[in-house]
Number of protein chains: 2
Amino acid sequence: MIEYVFGIDVGGTTIKAGLFAVDGTLLEKWEIPTNTAEDGRWILPDIAQSLKAKQKERNIQPSEIKGAGIGVPGPVLEDGTVDHCVNLGWGRKCVPEELTKLIGFPVKAANDANVAALGEVWKGSGRGFSDVLLVTIGTGIGGGLILDGHIVTGVHGSGAEIGHICVNPHETVACSCGNYGCLEQYTSATAILRITKKRLEEGKEHSILQGYENLSTKDVIDAAKNGDALALDVLDHMAKTLGRALANCCALTDVALMIIGGGVSKAGLFLLEPIQKYYRMYAFHTQKNTCFRLAELGNDAGIYGAACLMI
Amino acid sequence: MIEYVFGIDVGGTTIKAGLFAVDGTLLEKWEIPTNTAEDGRWILPDIAQSLKAKQKERNIQPSEIKGAGIGVPGPVLEDGTVDHCVNLGWGRKCVPEELTKLIGFPVKAANDANVAALGEVWKGSGRGFSDVLLVTIGTGIGGGLILDGHIVTGVHGSGAEIGHICVNPHETVACSCGNYGCLEQYTSATAILRITKKRLEEGKEHSILQGYENLSTKDVIDAAKNGDALALDVLDHMAKTLGRALANCCALTDVALMIIGGGVSKAGLFLLEPIQKYYRMYAFHTQKNTCFRLAELGNDAGIYGAACLMI
């Protein structure tokens, strides 16, 4: 009798794992460190060892396990092949094949942001929707696109790379991807902080953030919530840039729901509402009322979505 | 024995129809005028009458007909309901239901640009591809998105409305859709002509187009082919704007193939190559080598795609 599924979310520093019942109930979650030494060659063996230990601890028989889903931070092709995963040190690698050899049950792999989107659709704020774009606002801008209930993987494994939509062709500073003027250069947590610091350094505007040591993106958001004009203006620009980009994404995909997640989304409605306001300003007339919601699963979206790959 | 399918492409002035064998062979095509009088109430009856006449002429029995597909110039929901089709005078209308009542066999309806994309994938330059974006450059900019072999209809029936991606938030002139700075304001046949005329009127640049009466978009393209600096620059700007927008579309969908169609695509490689050059300049690094092709089916893409809806 098949009763269990594992969901794995591989990050650059931590691997999150979850044991799920096949009905989608999260039974237990845990973490192990990501060992990126030797081009990340120990990552899959470490995962296999951790899953085997969990099986033993709970006395789960191999026949009771349906398989494991795994989210990986990089382009993942339809068959689970990863093509260069910089954060993990991986080159080309067929993750399901290698991991299955190590643990003896079926494995499916997909890109981490796409997997998080699937998680939100399955058990988070996207429940009941089949056409959803998840945007994660963190160090960068991530995206996961679900159409008709399925991940849009893309032929190069890089569907929904919305952080790298060009929103400013006149930019002279390069994005981490090598292009210029990418969405994440203006709307990520990193960007909010960089832009705020720059304006503070220019010293032309009064702000309660003047003189802060170790300024964080959260400080900027808190200052805006307290009415600081500079912080409010930085976030207004960010919301306008993101809202317009999402309107453009919707012109192409006409999804039913936009989910805003990632660390910065902890700002809640304070940030969601201006993003939605600008979205409406720029959206095609039939798409002005597209739903906007905050992500619900937080850091667990990845393990939920990974488990969902196998269910 | 089922042997036949009809494919119908409804335009603002002409309705194109095709009789297909179920293997996809186009047996015959014809046209009837689009009667938009009385809010377009005669359009579906006219189509029904034309199909019945064809059946009679060829002595086709009802049992031999699998059905008809129909492409409509406006948003079409998954169930074939049209929600305001300005060019035809239609309000809300369930096309398959109404047309089936009139002709007695099954009908499926979809947006005309999406249907054309399906046609190109089925029998045109997209054969063998399952993830394709078709861009039609004509009076406006149309788009049809096929993912995993299926049309991306969108929850409001307006998937792939790429003509209305905002590419210039600083624009002060409104697009026909009511928004400002839409892609089609800079890259359609209409836009090429408008921008050329404006620069000619400013009179600052020498051009062989000075003094042309009834200047057409084709004149501009021909002048560019003959080395006219002004015309070349207008088309270079157009290709840059379109190439960048398509790179952004690919960041989201990561399709395998971009097909360029519509009247302006008759300019051939002369236009395709610069669009592709700029696409590569702006594309995400994994997506730089996405294929570009010219559409092959021309005005027949719509009837092919419509027939494919039923096959």
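First, a word on scope: everything that follows refers to the structure included in this document. Bear in mind the structure is a predicted one, so any value in this text is a computation, not a measurement. (Residues numbered from 1 in each chain as written. Chains lettered and ligands numbered in written order. Predicted model: local features only at pLDDT ≥ 70, side-chain atom pairs only at ≥ 80, totals over all residues. Heavy atoms only, no water.)

**A few points about the pairing of strand β7 (residues 107-111) of chain A**
Residue and element names in this part refer to chain A. Within β7, 4 of the 5 residues are buried, leaving the element largely enclosed by the surrounding structure. Where strand β4 (residues 65-72) lies against β7, 5 bridges are found, and the strand directions are parallel. Paired with G69 across the strands is K108, a residue of β7. (Buried < 20%, exposed > 50% of the residue type's maximum accessible area, 1.4 Å probe, protein only. Helix = DSSP H or I, 4+ residues; strand = E, 2+ residues; numbered from the N terminus. Pairing = 2+ DSSP bridges.)

**Here's the deal with the interface of chain A and chain B**
The interface is formed by 40 residues belonging to chain A together with 40 residues belonging to chain B. Summed over both sides, the interface of chain A with chain B buries roughly 3,000 Å², with 62% coming from carbon and sulfur. Interface area lost by chain A to chain B is led by L252, D254 and F284 of chain A, which between them contribute 22%. At the junction of chain A and chain B, the tally comes to 0 salt bridges. Those elements giving two or more residues to the side of chain A that touches chain B turn out to be β9 (141-147), α8 (229-253) and α9 (269-282) of chain A. Looking at the side of chain A that touches chain B element by element, the count peaks at 6 residues for α8 of chain A. Of the residues that constitute the side of chain A that touches chain B, the class distribution is 21 nonpolar, 14 polar and 5 charged. (Contact = heavy atoms within 4.5 Å. Buried area = accessible area lost by both parts, 1.4 Å probe. Salt bridge = Lys/Arg side-chain N within 4 Å of Asp/Glu carboxyl O. Nonpolar A, V, L, I, M, F, W, Y, C, P; charged D, E, K, R; others polar.)

**Brief notes about the environment of S125 of chain A**
All names here are of chain A. With respect to the helices, strands and loops of the structure, S125 is situated in the loop between α4 (112-123) and β8 (132-137). C-alpha of S125 to C-alpha of G104: the two residues are 21 residues apart in sequence and 34 Å apart in space. Here S125 is in contact with E120, L257, I259, R293, L294, A295 and E296, once residues within four sequence places are set aside.

**What about empty space enclosed by the protein?**
In the structure shown here, the tally under the stated rule is 2 cavities of 30 Å³ or more. Of the voids in this model, the largest cavity is the one considered here, and its volume is about 80 Å³. Around the largest cavity, the lining residues are I165, A245, N248, C249 and L252 of chain A together with I165, A245, N248, C249 and L252 of chain B. Elements supplying a minimum of two residues to the lining of the largest cavity: α8 of chain A together with α8 (229-253) of chain B. When grouped by side-chain class, the residues that make up the lining of the largest cavity number 8 nonpolar, 2 polar and no charged. Its boundaries defined by the atoms lining it, the second largest cavity holds a volume of some 30 Å³. (1 Å grid on protein atoms, 1.4 Å probe; cavity = no way out; pocket = protein on both sides within 12 Å on 5 of 7 lines; lining within 4 Å. Points joined across faces, edges and corners; volume = space filled by probe spheres on them.)

**A look at the side chain of D254 of chain B**
Mapped onto the elements of the fold, D254 of chain B is located in the loop between α8 and β11 (257-261). At 2.9 Å, the side chain of D254 of chain B and the backbone nitrogen of S158 of chain A are in polar contact. The contact partners of D254 of chain B, leaving out residues within four places of it in the chain, are T153, G154, V155, H156, G157, S158 and G159 of chain A together with C249 and Q287 of chain B. (Polar contact = N/O pair within 3.5 Å; in protein donor to acceptor, adjacent residues only side chain to side chain.)

**A short note on the pairing of strand β4 (residues 65-72) of chain B**
All names here are of chain B. Buried residues dominate β4, accounting for 7 of its 8 residues. Bridge analysis of strand β1 (residues 4-10) against β4 gives 6 bridges, and the strand direction is parallel. If you follow V5 over to β4, its bridge partner there is G67.

**A look at the nonpolar core**
I137 and L246 of chain A together with I137 and L246 of chain B are the most contacted members of the largest nonpolar core, which totals 98 residues. Setting aside anything within four residues of it in sequence, one finds L246 of chain B in contact with L133, V135, I162, M258, I260, I275, Y279 and F292 of chain B. (Core = buried A, V, L, I, M, F, W, Y, C linked by side-chain atoms within 4.5 Å.)

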